[in-house]
Amino acid sequence: MHQGACTVHEVDLHTSLNAFRNLPTGVAVWQLRDSKDLRSFRLVGVNPAAERELRAQLGFAVGKSITDCFPKLLETPVPERYRRVILSGTPDTFGEFEYRDARIPEGVFWFDCFPLPDCCCGVALENI
C-alpha cells in the first residue's frame, strides 16, 4: 500500500458520507428488512446525483418503506431483483427500465445493482 493511503475501514463516517453525496453517479441504497417480504424494503440513502437523474426530490422517502414512497415499484420485477442481489451477494445489471409514478416523471433508466452489508443493495442509476 502506498504511504499515506488508507483502507476503506480506516476512513471515518463523515468522509464516507461526503464521498457518497458527491458521487457524480446517481446512487440509491435500499435495505431489505425481511427477506420473505418485498414490502419490507426501505430506502436508506440517496445522493443528489440520483435526484438529478430521476428528476425528483427524494429526501421525503429516506427511511420509509417502498409501500409508503414508491408503491408502483412493487408492481415491477425490480424489488425481486434487488432481493436476489442481496441474498446472492452477486451484482446485477438490469439494463434499461421504463418507469413513472406520481413522484418520478416518465423516463427510461439504466440500473446496476450491487450488494452492500446489512441486507442492503446499492443501485447506480442513469436517466438514458
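These numbers come from a predicted model, not from an experiment.

A few points about the confidence of the model for the protein chain
Working step 1: For the protein chain, the mean per-residue pLDDT works out to 88, and 88% of the residues sit at or above 70.
Working step 2: Between the elements of the protein chain, mean pLDDT differs from a low of 70, seen in helix α1 (residues 13-22), to a high of 96, seen in helix α4 (residues 78-88).

Some remarks on the pairing of strand β4 (residues 107-116)
Working step 1: Taken together, the seven bridges between strand β3 (residues 92-99) and β4 define a ladder with antiparallel strand orientation. Within β4, the residue paired with threonine 93 across the bridge is aspartate 112.
Working step 2: As paired elements, β4 and strand β5 (residues 120-127) share eight bridges and run antiparallel to each other. Residue pairing in the sheet places leucine 116 in a bridge with cysteine 120 of β5.
Working step 3: Hairpin connection of β4 to β5: three residues between the antiparallel strands, including aspartate 118 at a positive phi of 60°.

Section: the sheet that holds β3
Working definition: the strands of a sheet are paired by backbone hydrogen bonds and lie parallel or antiparallel to each other.
Working step 1: Taken in spatial order, the five strands of this open sheet run β2-β1-β5-β4-β3, and their pairing is antiparallel. Every interior strand has two partners, whereas the edge strands, β2 (41-46) and β3, have only one. Within this sheet the neighbouring strands show an average axis-to-axis angle of 30°, counted without direction.
Working step 2: As judged from the six bridges shared by strand β1 (residues 26-32) and β5, these two strands associate in the antiparallel manner. Bridge pairing links glutamine 31 to cysteine 120 in β5.
Working step 3: α4 rests against β1, β2, β3, β4 and β5 of the sheet, and its axis sits at about 165° to β3.

Quick notes on the nonpolar core
Working step 1: The biggest cluster of nonpolar side chains holds 29 residues, and the ones touching the most others in it are Trp30, Phe70, Tyr82 and Phe111.
Working step 2: Of all elements in the fold, only β1, β2, α2 (48-54), α3 (66-69), α4, β3, β4 and β5 reach the threshold of two or more residues within this core.
Working step 3: For this core, the element with the most residues is α4, which contributes four residues.
Working step 4: Discounting residues that sit within four places of it in the chain, phenylalanine 70 has contacts with Trp30, Leu43, Leu58, Phe60, Ala61, Tyr99, Asp101 and Ile104.

Some remarks on the side chain of serine 40
Working step 1: With respect to the secondary-structure elements, serine 40 resides in the loop between β1 and β2.
Working step 2: The class for serine 40 is buried, based on a relative accessible area of 12%.
Working step 3: Reaching out from serine 40, the side chain makes a polar contact with the backbone nitrogen of arginine 33 at a distance of 3.4 Å.
Working step 4: Among all residues touching serine 40, those that are not within four sequence positions of it are Gln31, Leu32, Arg33 and Asp34.

Reading the values: rules and limits
Residues numbered from 1 in each chain as written. Predicted model: local features only at pLDDT ≥ 70, side-chain atom pairs only at ≥ 80, totals over all residues. Heavy atoms only, no water. pLDDT = per-residue confidence, 0-100. Helix = DSSP H or I, 4+ residues; strand = E, 2+ residues; numbered from the N terminus. Pairing = 2+ DSSP bridges. Axes fitted to C-alpha atoms, helices over the stretch in contact; angles between N-to-C directions. Contact = heavy atoms within 4.5 Å. Core = buried A, V, L, I, M, F, W, Y, C linked by side-chain atoms within 4.5 Å. Buried < 20%, exposed > 50% of the residue type's maximum accessible area, 1.4 Å probe, protein only. Polar contact = N/O pair within 3.5 Å; in protein donor to acceptor, adjacent residues only side chain to side chain.

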